[in-house]
Amino acid sequence: MSRLGAVQRKVPCLFVTQVKEEPSAKRERQPFKVLATETLTRKAIDADIYNAIPTEKVDGTCCYVTTYKGRPYLWARLDRKPNKQAEKRFKKFLYSLRDSKEFIWNIEEDFKYVPECWIPAKEIQHSNGNPLPDENGHIPGWVPVEKNSKQYCWHSSVVNYEAEVALVLKHRADDPGLLEISPVPLSNLLEQTLELIGTNINANPYAPSPSSWFVLANCRDASEFSASCCQLD
């Protein structure tokens, strides 16, 4: 099976953004909008954007496979967010139309509690050994999905830790033009990120069904799955 990917952070806008002083249509009481221009960012150009292959943004919830307790494990996304006092200061700073990168955080006091098993996402910046928040004031990270977890029940439904496998949407080996949901060894997915899609996940845009179903997928396979379901309808 081809490698699905290892995206750890939110993909930034490919275009240079600008702030427009008029009320936001998305965020209540935000007196400005952040809009994309038609100019590509320097990072996008340096990343050879002209030869990139665009894919659909999978509308599910991001997961990560890495080791926990010495075994391959599925991890759920859990961003460490600022507490109410810090969030209030941060929003006030943003409303002044200043760059979020200039805001000074107190990592030990400004953020909500996370479980001891929480780990920060890879590739994020650190200072004095502490992970730093992104431009939205969040510290992206992961928590392991324990067996029979109530909080992450949809996640745990796609893994079997005794058999060390996960249910994955992928192309059939004998016919790449068809998709199938198959058990895949977790060891084959190590250090990859996938998207959990299915019933109760972001209104399930892929395959409406009266019965419950959940599966891990990458962006290419999920988009093809969505197209095939639309054809069947």
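Counting from 1, residues in each chain are numbered in the order their sequence is written. This being a predicted model, a pLDDT of at least 70 is required before a residue's local features are given, and a value of 80 or more before pairs of side-chain atoms are given or counted; all residues contribute to the totals for chains, interfaces and linings. The basis for every side-chain value is the complete set of heavy atoms in the structure, and neither hydrogens nor water enter the calculation.

A.B. asks: Tell me what's going on with the nonpolar core, and back it up with residues and numbers.
C.D. replies: Counting 38 residues, the largest nonpolar core has Leu74 and Leu216 as the members making the most contacts within it. Within the residue set of this core, elements represented by two or more residues are strand 3 (61-68), strand 4 (71-77), helix 2 (84-95), strand 8 (141-144), strand 10 (165-171), strand 12 (192-198) and strand 13 (214-217). By definition, any uninterrupted DSSP run of H or I lasting at least four residues is a helix, any uninterrupted run of E lasting at least two residues is a strand, and each is numbered from the N terminus. When residues of this core are assigned to their parent elements, the largest contribution, five residues, is made by strand 3. In what follows, a contact means two residues having at least one pair of non-hydrogen atoms within 4.5 Å. Setting aside residues no more than four positions away along its own chain, leucine 74 makes contact with Cys63, Tyr64, Val65, Val143, Pro144, Val145, His155, Val158, Val159, Tyr161 and Leu216. With five residues, the next largest nonpolar core counts Leu169, Ile197, Val215 and Ala217 among its residues. What makes a nonpolar core is a set of buried Ala, Val, Leu, Ile, Met, Phe, Trp, Tyr and Cys residues whose side-chain atoms join them at distances within 4.5 Å. Think of it in three bands: residues with accessible area under 20% of the maximum for their type are buried, residues over 50% are exposed, and the middle band is partly exposed, with areas taken using a 1.4 Å probe on protein chains only.

A.B. asks: Tell me what's going on with the packing of aromatic side chains, and back it up with residues and numbers.
C.D. replies: Centre-to-centre distance and the angle between the planes together describe a pair of aromatic rings. Pairing of aromatic side chains here covers Phe, Tyr and the six-membered ring of Trp, requires ring centres within 6.5 Å, and sorts the geometry by plane angle: under 30 degrees stacked, over 60 edge-to-face, intermediate tilted. In the structure shown here, the tally under the stated rule is nine aromatic pairs. Relative to tryptophan 142, the ring of tyrosine 64 has its centre 5.2 Å away and its plane inclined at 40°; by these criteria the two rings are tilted. You can see tyrosine 64 sitting in strand 3 and its partner tryptophan 142 sitting in strand 8, a full 78 residues away along the chain. As far as burial versus exposure is concerned, tyrosine 64 and tryptophan 142 are alike and both buried. When the ring of phenylalanine 90 is compared with that of phenylalanine 103, the centres are 5.2 Å apart and the planes differ by 70°; the resulting orientation is edge-to-face. Within this pair, whereas phenylalanine 90 is found in helix 2, its partner phenylalanine 103 is found in the loop between helix 2 and strand 5 (119-120), the two being separated by 13 residues in sequence. As far as the burial class goes, phenylalanine 90 and phenylalanine 103 line up, both buried. Taken together, the ring pairs in this structure connect Phe90, Phe93, Phe103, Trp105 and Phe111 into an aromatic cluster.

A.B. asks: How would you summarise the pairing of strand 12 if you had to cite specific residues and measurements?
C.D. replies: Among the seven residues of strand 12, seven are classified as buried, and the element is accordingly described as predominantly covered. Every second residue of strand 12 is oriented toward a common face, with Gln192, Leu194, Leu196 and Gly198 on one face and Thr193, Glu195 and Ile197 on the other, all of them buried. Pairing geometry for strand 3 and strand 12, over five bridges, is antiparallel. The residue of strand 12 that forms the bridge with tyrosine 64 is threonine 193. Two strands are counted as paired when DSSP detects at least two bridges linking them. Where strand 12 meets strand 13, four bridges bridge the pair, whose relative direction is antiparallel. Across the sheet, residue isoleucine 197 finds its bridge partner in strand 13, namely valine 215.

A.B. asks: So what about the environment of proline 82? Which residues, and what values?
C.D. replies: If you trace the backbone, proline 82 turns up in the loop between strand 4 and helix 2. Spatially, the C-alpha atom of proline 82 lies 9.0 Å from that of isoleucine 107, the residues being 25 residues apart in sequence. When neighbours within four sequence positions are excluded, proline 82 is seen to be in contact with Glu87, Trp105, Asp110, Phe111, Lys112, Gly137 and His138.

A.B. asks: Just give me the short version of helix 2, but keep the residues and values in it.
C.D. replies: What a helix should span is 1.5 Å times the count of its residues minus one. End to end, helix 2 covers 16 Å across 12 residues, agreeing with the expected 16 Å (1.5 Å per residue, within 8%). Considered for burial, the residues of helix 2 that qualify are Ala86, Phe90 and Phe93. Down the axis of helix 2, the buried side of the element spans an arc of 60°, and every buried residue falls inside it. Facing away from the buried side of helix 2, by more than 90 degrees, are the exposed residues Lys84, Gln85, Lys88 and Lys92. Each direction from the helix axis to a C-beta atom contributes to the arc, which is the arc of those directions.

A.B. asks: Tell me what's going on with the pattern of salt bridges, and back it up with residues and numbers.
C.D. replies: A pairing counts as a salt bridge when a side-chain nitrogen of Lys or Arg comes within 4 Å of a carboxyl oxygen of Asp or Glu. By the definition in use, this model includes 12 salt bridges. Here glutamate 22 makes a salt bridge to lysine 33, at a shortest N to O gap of 2.9 Å. Residue glutamate 22 is located in the loop between strand 1 (15-20) and strand 2 (33-40), and its partner lysine 33 is located in strand 2; the two are separated by 11 residues in the primary sequence. Of the residues examined, glutamate 22 reaches a relative accessible area of 27% and is grouped as partly exposed. The class of lysine 33 is partly exposed, set by a relative accessible area of 23%. A salt bridge links lysine 170 to glutamate 180; the shortest N-O distance between them is 3.3 Å.

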